[in-house]
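Take a look at the letters that make up each chain.
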Amino acid sequence: MEFSKRLDLFGDEVFSSLNAKRLELERQGRTIYDLSVGTPDFEPPAHIVDALVDSAHTPADWKYSLHDLPEMLQAVCDYYARRYGVTLTPDMVTSVGGTQEGMGHLGMALLDEGDTVLIPDPCYPVFRTGCVLGGGTPVYYPLSAEHDFLPYVAGIDPEAADRAKAIVVSLPANPVGSVGTPEVYAEIIDFAREHDLLVVHDNAYSDIIFDGPAGGSFLSYPGAQDVGVEFFSLSKSFNVTGARISFLVGRPDVIAALDKLRSQIDFGMFYPVQRAAIAALTGPLDSVERQRLLYQERRDALCDGLESIGWDRPNAHGTLFVWARIPNGRMDSMAFCMELMDRAGVIVTPGSSFGPAGEGYVRFALVMPPEKIRDAVDAIAAAGI
Ligand SMILES: Cc1ncc(COP(=O)(O)O)c(C=O)c1O
């Protein structure tokens with residue numbers, strides 16, 4: 001059978017090649033340090049698990065939910081007020097099955113064939129996916145070392161910006177680990193106004209920021225609510241990645257458009273998951289702060305370790321990831337990752353899988369305790385890399 005040409009828009013999944021190699025090394029009995037995928041090794045707080053379990057014992061909570069519970073929408077609004085100082089109303093909030101799914105479908109609600117979207121390079125891959133599934137064409141803007149891996153909108157071609165319909169921004173940024181500043185957000189908002197762009201901000205890591213004040217929301221900056229929406233995922237803050245809890249918040253017209261699209265293909269979030277979300281949003285946040293400090297210890301262990309064995313000190317101010325330049329100016333990140341796995345048993349993600357500007361870099365995920373991270377660095381050193 002000839003399948004849709006749409007499938008040709010996507011390359012091979014990089015994690016499957018890494019995994020095949022990993023299985024081969026495991027069969028040989030090698031010690032493996034897997035720092036490739038960003039799945040947290042921390043646990044979800046007990047009050048969130050309890051809310052889900054209690055709900056699962058209620059037969060009515062197994063029906064199609066069809067809609068977001070008003071209490072859940074209100075809980076998101078209250079959380080935004082408490083945590084970010086942002087005032088939202090329930091018509092400015094909708095649930096999605098993870099930012100991955102929401103971003104994957106948003107392009108279908110926003111774009112027509114031939115539309116363009118400004119997308120960071122390198123970036124989290126679903127930013128591109130959402131654009132191309134909606135019939136759009138991505139136009140990359142760089143996140144480069146020269147501008148501290150932050151969006152530099154003054155460098156974007158104004159004509160390309162005029163033609164584009166939206167700009168995707170995500171700070172703290174996966175994979176590059178940069179963290180937004182009020183000045184950068186102000187420039188992005190002015191740029192969006194000037195070129196009539198919707199800003200789609202992905203705020204997956206506001207709780208994993210190092211060395212400075214707690215992270216915020218894009219929507220807290222002056223003018224942001226006129227030009228933008230934000231994906232707000234609970235995955236990483238509360239270690240609930242498998243439960244798929246995220247929200248799109250912000251401009252009601254965009255929320256309504258995504259809701260209309262999703263109502264055709266989705267019958268709502270499972271009630272026990274909605275109750276878990278309410279528990280997370282209304283409950284204590286001390287575990288989130290503890291976790292931030294633990295991630296920071298891991299970041300320090302990795303960056304100190306890599307520097308001590310001759311790597312450039314990586315860019316790593318936030319997120320679960322550390323973005324490291326491959327030593328000796330090597331550019332072929334996929335080949336380097338295979339070699340690193342073969343010789344040191346350390347699995348990391350090639351920079352090229354996040355976009356053309358990722359070549360020459362690899363991404364480490366901070367998903368192991370500091371002592372294990374130090375062991376991984378020792379293994380890299382022992383392999384002579
Ligand atoms: C930038 C970014 N956005 C979104 C996600 C996924 O979020 P969710 O679990 O809500 O789909 C990730 C996961 O790694 C991410 O790095």
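Note that the coordinates shown come from a computational prediction; the quantities given were computed from them, not determined experimentally. Residue indices begin from 1 for each chain and proceed along its sequence in written order. Predicted model: local features are reported for residues with pLDDT of at least 70 only, side-chain atom pairs are reported and counted for 80 or more only, and whole-chain, interface and lining totals are derived from all residues.

A.B. asks: Tell me what's going on with the overall build of the protein, and back it up with residues and numbers.
C.D. replies: If you tally the helices and strands in the protein, you get 13 helices and 12 strands. Throughout, radius of gyration means the C-alpha value; the globule benchmark is 2.2 Å times the number of residues raised to the power 0.38. Relative to the compact-globule value of 21 Å for 385 residues, the protein shows a C-alpha radius of gyration of 21 Å, a close match. Along the three orthogonal principal directions, the C-alpha set of the protein runs to about 55 × 55 × 55 Å. Whether a residue is buried, exposed or partly exposed follows from its count of other C-beta atoms within 10 Å of its own C-beta, namely 20 or more, 12 or fewer, or something in between, respectively; the C-beta atoms are built from the backbone. For the protein, the proportion of its 385 residues judged to be buried stands at 49%. Long-range pairs, those at least 24 residues apart, make up 73% of the contacts in the protein between residues at least 6 apart in sequence. We count a stretch as a helix when DSSP gives it H or I for four or more residues in a row; a strand needs E for two or more, and each element gets its number in order from the N terminus. We call two residues in contact if the C-beta atoms placed from their backbones are at most 7 Å apart.

A.B. asks: Mind laying out the environment of alanine 166, listing which residues take part and the relevant values?
C.D. replies: By the element assignment, alanine 166 lies in strand β5 (residues 166-169). Residue alanine 166 is classed as buried on the basis of its C-beta count, with 27 C-beta atoms lying within 10 Å. Each C-alpha atom of the pair alanine 166 and aspartate 115 lies 9.2 Å from the other, and the pair is 51 residues apart in sequence. When residues no more than four places from it in sequence are discounted, the contact partners of alanine 166 are Leu110, Val117, Leu197, Leu198 and Val200.

A.B. asks: Talk me through the pairing of strand β9 (residues 321-325); I want residue IDs and the actual numbers.
C.D. replies: For a regular strand, side-chain orientation follows a simple rule: the groups alternate between the two sheet faces. When you tally the buried positions in β9, you get four out of five residues, the bulk of the element. Here β9 pairs with strand β12 (residues 361-365) via five bridges, running antiparallel. Its bridge partner lying in β12, alanine 324 is registered against valine 362. Note on pairing: DSSP must find at least two bridges between two strands before they are called paired.

A.B. asks: Now, about the site of the ligand: what can you tell me, with residues and values included?
C.D. replies: The immediate surroundings of the ligand are formed by 13 residues, with Gly98, Gln100, Asn174, Ser233 and Ser235 found nearest. Here the element with the most residues in the shell around the ligand is helix α4 (residues 98-110); it accounts for three residues. Gly is placed with the polar residues, together with every amino acid not listed as nonpolar (Ala, Val, Leu, Ile, Met, Phe, Trp, Tyr, Cys and Pro) or charged (Asp, Glu, Lys and Arg). Of the residues belonging to the shell around the ligand, the class tally is two nonpolar, 10 polar and one charged. Each residue gets a C-beta atom placed from its backbone. Should that atom fall within 6 Å of a molecule or strand, the residue is termed near it.

A.B. asks: If you had to explain the domain arrangement of the protein to someone new, which residues and values would you point to?
C.D. replies: Think of interface size as the accessible area that goes away when the parts come together; that is how it is often given. Here the protein is partitioned into domain 1 (5-43 + 286-382) and domain 2 (47-282). In this document the domain limits rely on a domain assignment from an automatic tool or a database. Placing a centre on the C-alpha atoms of domain 1 and another on those of domain 2 gives a separation of 25 Å. Opposite the 26 residues of domain 1 that make contact, domain 2 presents 28 residues. Of all the secondary structure elements, the ones that give two or more residues to the side of domain 1 that touches domain 2 are α11 (286-308) and β9. In terms of residue count, α11 provides more of the side of domain 1 that touches domain 2 than any other element does, five residues in total. For the side of domain 1 that touches domain 2, the residue count by class is 13 nonpolar, nine polar and four charged.

A.B. asks: Any chance you could break down the sheet that holds β9 for me, citing the residues and the numbers?
C.D. replies: In spatial order, the strands read β9-β12-β11; together these three strands make up an open sheet with antiparallel pairing. Both outer strands of the open sheet, β9 and β11 (349-350), are each paired with one neighbouring strand and no more.

A.B. asks: Any chance you could break down the nonpolar core for me, citing the residues and the numbers?
C.D. replies: For this analysis, nonpolar core means a set of buried Ala, Val, Leu, Ile, Met, Phe, Trp, Tyr and Cys residues linked through C-beta atoms within 7 Å. By size, the foremost hydrophobic cluster in this structure holds 118 residues, and its most contacted members are Val76, Val249, Ala276 and Val346. Here the element with the most residues in this core is helix α10 (residues 271-282); it accounts for eight residues. Mapping this core onto the domain boundaries places at least three of its residues in each of domain 1 (5-43 + 286-382) and domain 2 (47-282). Here valine 76 is in contact with Leu88, Val93, Phe247, Val249 and Leu281, once residues within four sequence places are set aside.

A.B. asks: An account of unusual backbone geometry is requested, with residue identities and associated values reported.
C.D. replies: A cis amide bond links aspartate 121 with the next residue in sequence, proline 122, at an omega value of 5 degrees. Following the sequence through the fold, proline 122 ends up in the loop between β3 (116-121) and α5 (126-133). In this structure, proline 175 follows asparagine 174 across a cis peptide bond, with omega equal to 10 degrees. Within the fold, proline 175 resides in the loop between β5 and α7 (182-195). Located in the positive-phi region is aspartate 148, a residue other than glycine, with phi close to 55 degrees. Tracing the sequence through the fold places aspartate 148 in the loop between β4 (137-142) and α6 (158-163). Of note, asparagine 239 is a non-glycine position whose phi angle comes to about 55 degrees, a positive value. Turning to its location among the elements, asparagine 239 is positioned in the loop between β7 (228-233) and β8 (246-250).

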